[in-house]
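Examining the three-dimensional arrangement
For reference, the chains in residue letters:
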Amino acid sequence: MLRDVPGGRTASSGTYFASIQMLRGVAALMVVLFHLVNAEVVHGRGPSLLAGSLAEYGYGGVDLFFVISGFVMTTVMPGRYGSFAGALTFLARRGLRILPLYWVFTTLIVLLLLVRPTALDASHHDKSILASYLLLPQPVLPILQVGWTLIYEAFFYVMMALAIAVLPERRIPAFFAAWAIGLLAMQFIPGESPAWLVVSSPMGWEFIAGALIGIYWQRVSVRGAAGFIIAGCIGFALSYTLLQAQYVQSGHAPLARTIAFGLPSALLVLGLVRWESAGRRLSLGVFHTIGNASYSIYLSHLFVLSVGARVWSGSGWNQEAWQHGMFILVMMVACTAGGIICYRWVEKPLLAACSAGVRLLPRVAQAA
(Lines give C-alpha, C1' and ligand atoms only; values in the text may rest on other atoms or scores of the structure.)
Protein backbone atom coordinates (compact mmCIF):
# COMPACT_ATOMS: atom_id res chain seq x y z
CA MET A 1 0.00 0.00 0.00
CA LEU A 2 2.76 2.40 0.89
CA ARG A 3 5.90 3.51 -0.88
CA ASP A 4 8.86 4.65 1.17
CA VAL A 5 11.60 5.45 -1.29
CA PRO A 6 10.97 6.84 -4.78
CA GLY A 7 11.06 4.11 -7.39
CA GLY A 8 10.43 1.34 -4.89
CA ARG A 9 14.03 1.21 -3.67
CA THR A 10 14.90 0.27 -0.12
CA ALA A 11 16.86 2.86 1.74
CA SER A 12 19.35 0.32 2.97
CA SER A 13 20.39 -1.25 -0.29
CA GLY A 14 19.05 0.85 -3.14
CA THR A 15 17.55 -2.33 -4.58
CA TYR A 16 14.53 -1.84 -6.80
CA PHE A 17 11.87 -4.47 -6.12
CA ALA A 18 9.63 -4.42 -9.16
CA SER A 19 7.79 -7.38 -7.69
CA ILE A 20 6.67 -5.34 -4.70
CA GLN A 21 5.24 -2.68 -7.02
CA MET A 22 3.48 -5.40 -9.00
CA LEU A 23 1.96 -6.89 -5.85
CA ARG A 24 0.79 -3.47 -4.69
CA GLY A 25 -1.04 -3.03 -7.97
CA VAL A 26 -2.59 -6.49 -7.76
CA ALA A 27 -3.70 -5.90 -4.16
CA ALA A 28 -5.33 -2.58 -5.04
CA LEU A 29 -7.26 -4.12 -7.93
CA MET A 30 -8.40 -7.01 -5.71
CA VAL A 31 -9.96 -4.56 -3.25
CA VAL A 32 -11.65 -2.61 -6.05
CA LEU A 33 -13.11 -5.84 -7.42
CA PHE A 34 -14.37 -6.80 -3.96
CA HIS A 35 -16.29 -3.53 -3.58
CA LEU A 36 -17.65 -3.90 -7.12
CA VAL A 37 -19.57 -6.98 -5.95
CA ASN A 38 -21.89 -4.94 -3.75
CA ALA A 39 -22.19 -2.13 -6.31
CA GLU A 40 -23.34 -4.58 -8.97
CA VAL A 41 -25.81 -6.34 -6.69
CA VAL A 42 -27.37 -3.12 -5.36
CA HIS A 43 -27.60 -1.17 -8.62
CA GLY A 44 -27.98 -3.92 -11.20
CA ARG A 45 -31.29 -5.40 -12.30
CA GLY A 46 -29.96 -8.33 -14.30
CA PRO A 47 -28.10 -11.50 -13.27
CA SER A 48 -25.13 -10.70 -11.06
CA LEU A 49 -21.81 -11.77 -12.52
CA LEU A 50 -19.67 -11.15 -9.41
CA ALA A 51 -21.86 -12.40 -6.56
CA GLY A 52 -20.80 -15.89 -5.56
CA SER A 53 -17.55 -15.63 -7.50
CA LEU A 54 -13.93 -15.23 -6.45
CA ALA A 55 -14.49 -11.48 -6.48
CA GLU A 56 -16.23 -11.80 -3.11
CA TYR A 57 -12.83 -12.60 -1.64
CA GLY A 58 -10.98 -9.70 -3.18
CA TYR A 59 -10.61 -8.31 0.33
CA GLY A 60 -7.57 -10.59 0.50
CA GLY A 61 -5.75 -7.72 -1.16
CA VAL A 62 -5.69 -6.03 2.26
CA ASP A 63 -3.84 -9.01 3.73
CA LEU A 64 -1.32 -8.77 0.91
CA PHE A 65 -0.89 -5.06 1.69
CA PHE A 66 -0.15 -5.87 5.35
CA VAL A 67 2.58 -8.36 4.42
CA ILE A 68 4.11 -5.86 2.00
CA SER A 69 4.01 -3.17 4.68
CA GLY A 70 5.92 -5.32 7.15
CA PHE A 71 8.48 -6.19 4.50
CA VAL A 72 9.07 -2.55 3.59
CA MET A 73 9.36 -1.44 7.22
CA THR A 74 12.28 -3.73 8.02
CA THR A 75 14.07 -3.34 4.69
CA VAL A 76 14.37 0.42 5.20
CA MET A 77 15.47 0.28 8.86
CA PRO A 78 18.87 -1.50 9.10
CA GLY A 79 21.35 0.61 11.05
CA ARG A 80 18.66 2.81 12.60
CA TYR A 81 17.62 0.85 15.68
CA GLY A 82 18.22 1.64 19.35
CA SER A 83 17.34 5.32 19.02
CA PHE A 84 14.40 7.17 20.56
CA ALA A 85 14.93 9.99 18.07
CA GLY A 86 14.94 7.41 15.28
CA ALA A 87 11.59 6.07 16.52
CA LEU A 88 10.06 9.55 16.47
CA THR A 89 11.43 10.14 12.98
CA PHE A 90 9.97 6.83 11.85
CA LEU A 91 6.52 7.71 13.19
CA ALA A 92 6.67 11.20 11.70
CA ARG A 93 7.54 9.79 8.27
CA ARG A 94 4.81 7.18 8.49
CA GLY A 95 2.26 9.79 9.49
CA LEU A 96 3.39 12.07 6.69
CA ARG A 97 3.04 9.21 4.23
CA ILE A 98 -0.47 8.01 5.07
CA LEU A 99 -2.36 10.83 6.78
CA PRO A 100 -2.53 13.81 4.37
CA LEU A 101 -4.29 12.01 1.52
CA TYR A 102 -6.47 10.08 3.97
CA TRP A 103 -7.52 13.35 5.58
CA VAL A 104 -8.38 14.82 2.19
CA PHE A 105 -10.86 12.04 1.38
CA THR A 106 -12.23 11.95 4.93
CA THR A 107 -12.85 15.70 4.73
CA LEU A 108 -14.73 15.27 1.46
CA ILE A 109 -17.17 12.93 3.20
CA VAL A 110 -17.51 15.24 6.23
CA LEU A 111 -18.29 18.17 3.95
CA LEU A 112 -20.82 16.10 2.03
CA LEU A 113 -22.55 15.16 5.29
CA LEU A 114 -22.69 18.81 6.30
CA VAL A 115 -24.17 19.92 2.97
CA ARG A 116 -26.46 16.94 2.41
CA PRO A 117 -26.91 14.82 5.56
CA THR A 118 -29.16 12.39 3.66
CA ALA A 119 -26.70 11.81 0.81
CA LEU A 120 -25.09 8.87 2.63
CA ASP A 121 -26.56 6.04 4.65
CA ALA A 122 -27.56 6.61 8.26
CA SER A 123 -24.58 4.65 9.63
CA HIS A 124 -22.31 7.64 8.98
CA HIS A 125 -24.06 9.59 11.71
CA ASP A 126 -22.91 7.08 14.34
CA LYS A 127 -19.22 7.53 13.50
CA SER A 128 -16.79 9.69 15.41
CA ILE A 129 -15.24 12.31 13.17
CA LEU A 130 -12.34 12.89 15.57
CA ALA A 131 -11.58 9.17 15.93
CA SER A 132 -11.76 8.83 12.16
CA TYR A 133 -9.22 11.59 11.59
CA LEU A 134 -6.86 10.27 14.30
CA LEU A 135 -7.18 6.62 13.22
CA LEU A 136 -8.45 5.61 16.65
CA PRO A 137 -10.38 2.34 16.99
CA GLN A 138 -14.15 2.74 17.26
CA PRO A 139 -17.10 0.33 17.31
CA VAL A 140 -17.95 1.14 13.68
CA LEU A 141 -15.94 1.78 10.56
CA PRO A 142 -14.36 5.24 10.25
CA ILE A 143 -15.93 7.99 8.14
CA LEU A 144 -13.89 6.79 5.16
CA GLN A 145 -14.69 3.10 5.36
CA VAL A 146 -11.46 1.75 3.93
CA GLY A 147 -9.65 3.69 6.67
CA TRP A 148 -10.14 0.72 9.00
CA THR A 149 -7.00 -0.83 7.52
CA LEU A 150 -5.03 2.33 8.36
CA ILE A 151 -6.06 1.93 11.99
CA TYR A 152 -4.31 -1.44 11.94
CA GLU A 153 -1.34 0.03 10.10
CA ALA A 154 -1.06 2.78 12.72
CA PHE A 155 -0.90 0.15 15.46
CA PHE A 156 1.75 -1.80 13.55
CA TYR A 157 3.79 1.40 13.19
CA VAL A 158 3.57 2.08 16.93
CA MET A 159 4.86 -1.42 17.66
CA MET A 160 7.66 -0.93 15.16
CA ALA A 161 8.55 2.43 16.70
CA LEU A 162 8.78 0.84 20.17
CA ALA A 163 11.23 -1.71 18.80
CA ILE A 164 13.28 1.01 17.11
CA ALA A 165 13.39 3.09 20.29
CA VAL A 166 14.57 0.47 22.80
CA LEU A 167 16.13 -2.49 21.00
CA PRO A 168 19.44 -3.03 19.22
CA GLU A 169 19.14 -4.39 15.71
CA ARG A 170 20.19 -7.91 16.67
CA ARG A 171 17.14 -8.18 18.97
CA ILE A 172 14.56 -7.22 16.36
CA PRO A 173 13.83 -10.79 15.16
CA ALA A 174 13.25 -11.83 18.80
CA PHE A 175 10.88 -8.86 19.20
CA PHE A 176 8.77 -10.02 16.26
CA ALA A 177 8.82 -13.59 17.55
CA ALA A 178 7.62 -12.43 20.97
CA TRP A 179 4.90 -10.33 19.35
CA ALA A 180 3.74 -13.32 17.32
CA ILE A 181 3.61 -15.53 20.43
CA GLY A 182 1.75 -12.82 22.31
CA LEU A 183 -0.82 -12.67 19.51
CA LEU A 184 -1.30 -16.41 19.76
CA ALA A 185 -2.05 -16.10 23.49
CA MET A 186 -4.48 -13.24 22.82
CA GLN A 187 -6.63 -15.50 20.64
CA PHE A 188 -7.76 -17.26 23.82
CA ILE A 189 -8.56 -14.08 25.75
CA PRO A 190 -12.08 -12.76 25.20
CA GLY A 191 -12.51 -9.08 24.48
CA GLU A 192 -14.83 -6.94 22.40
CA SER A 193 -13.51 -3.40 22.78
CA PRO A 194 -12.46 -1.77 19.50
CA ALA A 195 -8.89 -1.29 20.74
CA TRP A 196 -8.58 -4.91 21.84
CA LEU A 197 -9.86 -6.15 18.48
CA VAL A 198 -7.05 -4.24 16.77
CA VAL A 199 -4.29 -5.22 19.19
CA SER A 200 -5.27 -8.90 19.23
CA SER A 201 -6.13 -9.25 15.55
CA PRO A 202 -4.52 -12.26 13.83
CA MET A 203 -3.80 -9.93 10.93
CA GLY A 204 -0.87 -8.71 13.00
CA TRP A 205 0.83 -11.97 11.99
CA GLU A 206 0.75 -10.73 8.40
CA PHE A 207 2.76 -7.62 9.25
CA ILE A 208 5.13 -9.72 11.38
CA ALA A 209 5.60 -12.22 8.55
CA GLY A 210 6.42 -9.44 6.12
CA ALA A 211 8.84 -7.89 8.60
CA LEU A 212 10.69 -11.17 9.12
CA ILE A 213 10.84 -11.70 5.36
CA GLY A 214 12.42 -8.26 5.11
CA ILE A 215 15.12 -9.40 7.53
CA TYR A 216 15.81 -12.90 6.24
CA TRP A 217 14.87 -12.99 2.55
CA GLN A 218 18.51 -13.04 1.41
CA ARG A 219 19.09 -16.29 3.31
CA VAL A 220 16.52 -18.15 1.23
CA SER A 221 17.85 -20.26 -1.62
CA VAL A 222 17.23 -18.77 -5.03
CA ARG A 223 16.43 -22.27 -6.26
CA GLY A 224 13.55 -22.42 -3.78
CA ALA A 225 12.08 -19.05 -4.81
CA ALA A 226 9.97 -20.52 -7.61
CA GLY A 227 8.54 -23.03 -5.16
CA PHE A 228 7.42 -20.25 -2.82
CA ILE A 229 5.78 -18.41 -5.72
CA ILE A 230 3.93 -21.53 -6.85
CA ALA A 231 2.89 -22.35 -3.28
CA GLY A 232 1.60 -18.81 -2.81
CA CYS A 233 -0.49 -18.97 -5.98
CA ILE A 234 -1.90 -22.36 -5.02
CA GLY A 235 -2.63 -21.01 -1.54
CA PHE A 236 -4.69 -18.17 -2.95
CA ALA A 237 -6.58 -20.62 -5.15
CA LEU A 238 -7.34 -22.89 -2.20
CA SER A 239 -8.44 -19.95 -0.05
CA TYR A 240 -11.73 -19.74 -1.90
CA THR A 241 -12.58 -23.31 -0.89
CA LEU A 242 -11.49 -22.74 2.71
CA LEU A 243 -13.52 -19.58 3.15
CA GLN A 244 -16.56 -21.07 1.48
CA ALA A 245 -16.40 -23.95 3.93
CA GLN A 246 -16.18 -21.49 6.82
CA TYR A 247 -19.08 -19.42 5.44
CA VAL A 248 -16.94 -16.32 5.68
CA GLN A 249 -18.39 -13.28 3.97
CA SER A 250 -17.43 -9.62 3.63
CA GLY A 251 -14.00 -9.92 5.17
CA HIS A 252 -15.05 -11.05 8.65
CA ALA A 253 -13.44 -13.82 10.74
CA PRO A 254 -9.89 -12.40 10.91
CA LEU A 255 -8.30 -15.74 11.83
CA ALA A 256 -9.79 -17.51 8.81
CA ARG A 257 -8.78 -14.72 6.44
CA THR A 258 -5.27 -14.58 7.91
CA ILE A 259 -4.79 -18.28 7.28
CA ALA A 260 -6.41 -18.07 3.86
CA PHE A 261 -4.67 -14.97 2.53
CA GLY A 262 -1.88 -14.02 4.93
CA LEU A 263 0.17 -17.18 4.42
CA PRO A 264 -0.07 -17.17 0.59
CA SER A 265 0.75 -13.45 0.59
CA ALA A 266 3.89 -14.07 2.63
CA LEU A 267 4.96 -16.88 0.31
CA LEU A 268 4.45 -14.68 -2.75
CA VAL A 269 6.39 -11.76 -1.29
CA LEU A 270 9.28 -14.00 -0.24
CA GLY A 271 9.38 -15.93 -3.49
CA LEU A 272 9.08 -12.95 -5.83
CA VAL A 273 11.64 -10.80 -3.99
CA ARG A 274 14.18 -13.64 -3.89
CA TRP A 275 13.48 -14.54 -7.50
CA GLU A 276 13.92 -10.97 -8.65
CA SER A 277 17.09 -10.46 -6.59
CA ALA A 278 18.72 -13.23 -8.60
CA GLY A 279 18.34 -11.23 -11.79
CA ARG A 280 15.01 -12.59 -12.97
CA ARG A 281 13.44 -9.30 -13.97
CA LEU A 282 9.68 -9.03 -14.17
CA SER A 283 7.79 -7.40 -17.00
CA LEU A 284 5.49 -5.03 -15.13
CA GLY A 285 3.93 -2.94 -17.83
CA VAL A 286 0.90 -1.13 -16.47
CA PHE A 287 1.25 -2.73 -13.03
CA HIS A 288 4.18 -0.45 -12.28
CA THR A 289 1.93 2.58 -12.72
CA ILE A 290 -0.89 0.94 -10.80
CA GLY A 291 1.52 -0.03 -8.02
CA ASN A 292 2.76 3.54 -7.73
CA ALA A 293 -0.82 4.77 -7.48
CA SER A 294 -2.07 1.93 -5.26
CA TYR A 295 -2.65 4.10 -2.19
CA SER A 296 -4.60 6.68 -4.21
CA ILE A 297 -6.60 3.90 -5.86
CA TYR A 298 -7.33 2.38 -2.48
CA LEU A 299 -8.61 5.62 -0.93
CA SER A 300 -10.46 7.01 -3.96
CA HIS A 301 -12.14 4.00 -5.55
CA LEU A 302 -15.26 4.05 -3.38
CA PHE A 303 -15.98 7.60 -4.56
CA VAL A 304 -15.66 6.54 -8.19
CA LEU A 305 -17.78 3.44 -7.60
CA SER A 306 -20.49 5.39 -5.83
CA VAL A 307 -20.89 7.88 -8.65
CA GLY A 308 -20.50 5.29 -11.41
CA ALA A 309 -23.01 2.87 -9.89
CA ARG A 310 -25.66 5.58 -9.51
CA VAL A 311 -25.19 6.68 -13.12
CA TRP A 312 -25.41 3.07 -14.25
CA SER A 313 -28.57 2.49 -12.23
CA GLY A 314 -30.28 5.53 -13.69
CA SER A 315 -29.24 4.77 -17.25
CA GLY A 316 -31.45 1.71 -17.62
CA TRP A 317 -28.47 -0.20 -19.03
CA ASN A 318 -28.39 -2.50 -16.03
CA GLN A 319 -30.83 -5.23 -17.12
CA GLU A 320 -28.85 -7.73 -19.16
CA ALA A 321 -25.82 -9.84 -18.34
CA TRP A 322 -23.69 -8.13 -21.00
CA GLN A 323 -24.60 -4.75 -19.50
CA HIS A 324 -23.41 -5.98 -16.11
CA GLY A 325 -20.19 -7.10 -17.73
CA MET A 326 -19.66 -3.71 -19.34
CA PHE A 327 -20.32 -1.98 -16.03
CA ILE A 328 -17.71 -4.11 -14.27
CA LEU A 329 -15.12 -3.47 -16.97
CA VAL A 330 -15.80 0.27 -17.14
CA MET A 331 -15.67 0.66 -13.36
CA MET A 332 -12.43 -1.26 -13.01
CA VAL A 333 -10.87 1.04 -15.60
CA ALA A 334 -12.45 4.15 -14.08
CA CYS A 335 -11.33 3.32 -10.53
CA THR A 336 -7.81 2.60 -11.73
CA ALA A 337 -7.64 5.73 -13.88
CA GLY A 338 -9.13 7.85 -11.10
CA GLY A 339 -6.50 6.59 -8.67
CA ILE A 340 -3.67 7.27 -11.12
CA ILE A 341 -4.96 10.81 -11.69
CA CYS A 342 -5.24 11.31 -7.95
CA TYR A 343 -1.70 10.07 -7.46
CA ARG A 344 -0.31 12.38 -10.11
CA TRP A 345 -2.25 15.54 -9.29
CA VAL A 346 -3.09 15.20 -5.57
CA GLU A 347 -0.98 12.64 -3.71
CA LYS A 348 2.45 13.54 -5.10
CA PRO A 349 2.04 17.33 -4.80
CA LEU A 350 0.54 16.92 -1.34
CA LEU A 351 3.45 14.79 -0.15
CA ALA A 352 5.94 17.22 -1.65
CA ALA A 353 4.28 20.18 0.07
CA CYS A 354 4.09 18.40 3.43
CA SER A 355 7.72 17.29 3.18
CA ALA A 356 8.82 20.82 2.37
CA GLY A 357 6.85 22.12 5.33
CA VAL A 358 8.47 19.63 7.68
CA ARG A 359 11.94 20.62 6.47
CA LEU A 360 11.13 24.29 7.09
CA LEU A 361 10.00 23.79 10.71
CA PRO A 362 13.49 23.77 12.28
CA ARG A 363 14.38 26.99 10.43
CA VAL A 364 11.16 28.68 11.54
CA ALA A 365 11.73 27.62 15.14
CA GLN A 366 15.30 28.87 15.05
CA ALA A 367 14.24 32.22 13.59
CA ALA A 368 11.61 32.62 16.29
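Presented here is a report on the structure given in the accompanying data block. (Residues numbered from 1 in each chain as written. Predicted model: local features only at pLDDT ≥ 70, side-chain atom pairs only at ≥ 80, totals over all residues. Heavy atoms only, no water.)

**Structural notes on the overall build of the protein chain**
We apply this condition: Numbering goes from the N terminus for both helices and strands, where a helix is a DSSP run of H or I of at least four residues and a strand is a run of E of at least two. Each residue gets one of three labels from its accessible area relative to the maximum for its type: buried under 20%, exposed over 50%, partly exposed in between, using a 1.4 Å probe on protein chains only. Shrake-Rupley sampling with a 1.4 Å probe provides the accessible areas, and residues are treated as covered by the protein chains on show and by no other component.
Assigned secondary structure in the protein chain consists of 13 helices and 0 strands. Each of the 368 residues in the protein chain was classed as buried or not, and the buried ones make up 46%. When the accessible surface of the protein chain is summed, it comes to about 17200 Å², and 69% of that surface belongs to carbon and sulfur atoms.

**Details of the packing of aromatic side chains**
Each aromatic ring pair is characterised by the separation of its centres together with the angle its planes make. Definition in use: Between the rings of Phe, Tyr and Trp (Trp by its six-membered ring), a pair exists once the centres lie within 6.5 Å; its type follows the angle of the planes, with under 30 degrees stacked, over 60 edge-to-face, and the other angles tilted. Counting as a charge over the ring demands two things of the Lys NZ or Arg CZ atom: a distance within 6 Å of the ring centre and an angle within 35 degrees of the ring normal.
Tallied over the entire structure, the rule returns 22 aromatic pairs. Taking 5.9 Å as the distance between ring centres and 75° as the angle between the ring planes, the aromatic pair formed by phenylalanine 65 and tyrosine 298 counts as edge-to-face. One end of the pair, phenylalanine 65, is in helix 2 (residues 60-75); the other, tyrosine 298, is in helix 12 (residues 294-315), with 233 residues separating them in the sequence. What makes phenylalanine 65 buried here is its relative accessible area of 0%. Tyrosine 298 gets classed as buried once you look at its relative accessible area, which sits at 2%. Here the aromatic cluster, defined as three or more aromatic residues joined through ring pairs, consists of Phe66, Trp148, Tyr152, Phe155, Phe156, Phe175, Phe176, Trp179 and Phe207. Over the ring of tyrosine 157 we find arginine 94, and its NZ or CZ is 5.4 Å from the ring centre. Positioned over the ring face of tryptophan 345 is arginine 344, at 4.5 Å from the centre of the ring.

**What to know about a nonpolar patch on the surface**
Worth spelling out the cut-off: Patch criteria: residues need more than 30% relative accessible area and no salt bridge. Like-charged residues are merged within 9 Å; nonpolar side chains of Val, Leu, Ile, Met, Phe, Trp and Tyr are merged within 5 Å. By definition here, a salt bridge exists when the distance from a side-chain nitrogen of Lys or Arg to a carboxyl oxygen of Asp or Glu is within 4 Å.
A surface patch of nonpolar side chains, about 660 Å² in accessible area, is lined by Trp317, Trp322, Met326, Leu329, Val330 and Val333. By the secondary structure assignment, leucine 329 is in helix 13 (residues 321-367).

Functional significance is not addressed by these values, which are geometric in nature.
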